[in-house]
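Examining the three-dimensional arrangement
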Amino acid sequence: MFLTNLSKRERILFYLTVTVIFLSLLYNFTLKPLGARWRQLNRQILDKEIGLKRNTRYLQQKDNVRSAYSKYAGYIKRKGSDEEEIASLLNEVERQARTPGIHIVNIRPKPIKDLNFYKKYILEINCEVTMEECVEFIYNLQKTAQLIRVERLKLISQGKGNPLLKAQMLITKILTTE
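Our subject in this report is the structure included herewith. (Residues numbered from 1 in each chain as written. Predicted model: local features only at pLDDT ≥ 70, side-chain atom pairs only at ≥ 80, totals over all residues. Heavy atoms only, no water.)

Quick notes on helix α2 (residues 62-76)
- An ideal rise of 1.5 Å per residue puts 21 Å on 15 residues; α2 measures up with 20 Å between its terminal C-alpha atoms.
- Maximum bend of α2: about 35°, positioned at S70. (Helix = DSSP H or I, 4+ residues; strand = E, 2+ residues; numbered from the N terminus. Expected span 1.5 Å × (residues − 1). Bend = angle between axes of the 7 residues up to and from the residue.)

Here it is in structure tokens:
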């Protein structure tokens, strides 16, 4: 047949060529993909190990997080319907405004913003205040038991020599929807 007609040297070269071709095919179609898959699996294992370490740290802090959450849960949980919460916010703002003697001209509730896991109750207030009264009012709002925040404050002077300022405030309260 074909190999019998070849000299010894040509047969050696033929077997060597067939062996090199076989080894290159074995490498390109078997070993190289297996090595790539091996590296990919090692990267995935490393990523999972990092995630596991991070999650075990979170689990170790679980009790601290729960105690901190329970400490503030009363501030952010809804105690009634949306109307009751707006009324509660209005009542608290009016009560805090009486302390420094702020003259409220207008209070308007804005539409409630229903976000992912919480609701944002918004009031727009127009009032006449002195700078000291305004600072005291904002401070009193911040220290209430409700999570009330002044998001926007605009002060307009009513003229030279007049200590009163027209104030426009956007006051918000955040509560969870749970």
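Observations regarding a nonpolar patch on the surface
- A cluster of nonpolar side chains, F22, L23, L26, Y27, L31 and L34, forms an exposed patch at the surface whose accessible area comes to about 610 Å².
- Secondary-structure assignment places L34 in helix α1 (residues 8-60).
- Since its relative accessible area comes to 54%, L34 is described here as exposed. (Patch = residues over 30% accessible without salt bridge, like charges linked within 9 Å, V, L, I, M, F, W, Y side chains within 5 Å. Areas by Shrake-Rupley, 256 points an atom, 1.4 Å probe, with all protein chains shown as cover. Salt bridge = Lys/Arg side-chain N within 4 Å of Asp/Glu carboxyl O. Buried < 20%, exposed > 50% of the residue type's maximum accessible area, 1.4 Å probe, protein only.)

Observations concerning the packing of aromatic side chains
- Under the counting rule described, the total for this entry stands at two aromatic pairs.
- Between F117 and Y118, the ring centres sit 5.3 Å apart and the planes meet at 70°, which makes this aromatic pair edge-to-face.
- Overall, Y118 belongs to the partly exposed group, its relative accessible area being 23%. (Phe/Tyr/Trp six-rings, centres within 6.5 Å; stacked < 30°, edge-to-face > 60°.)

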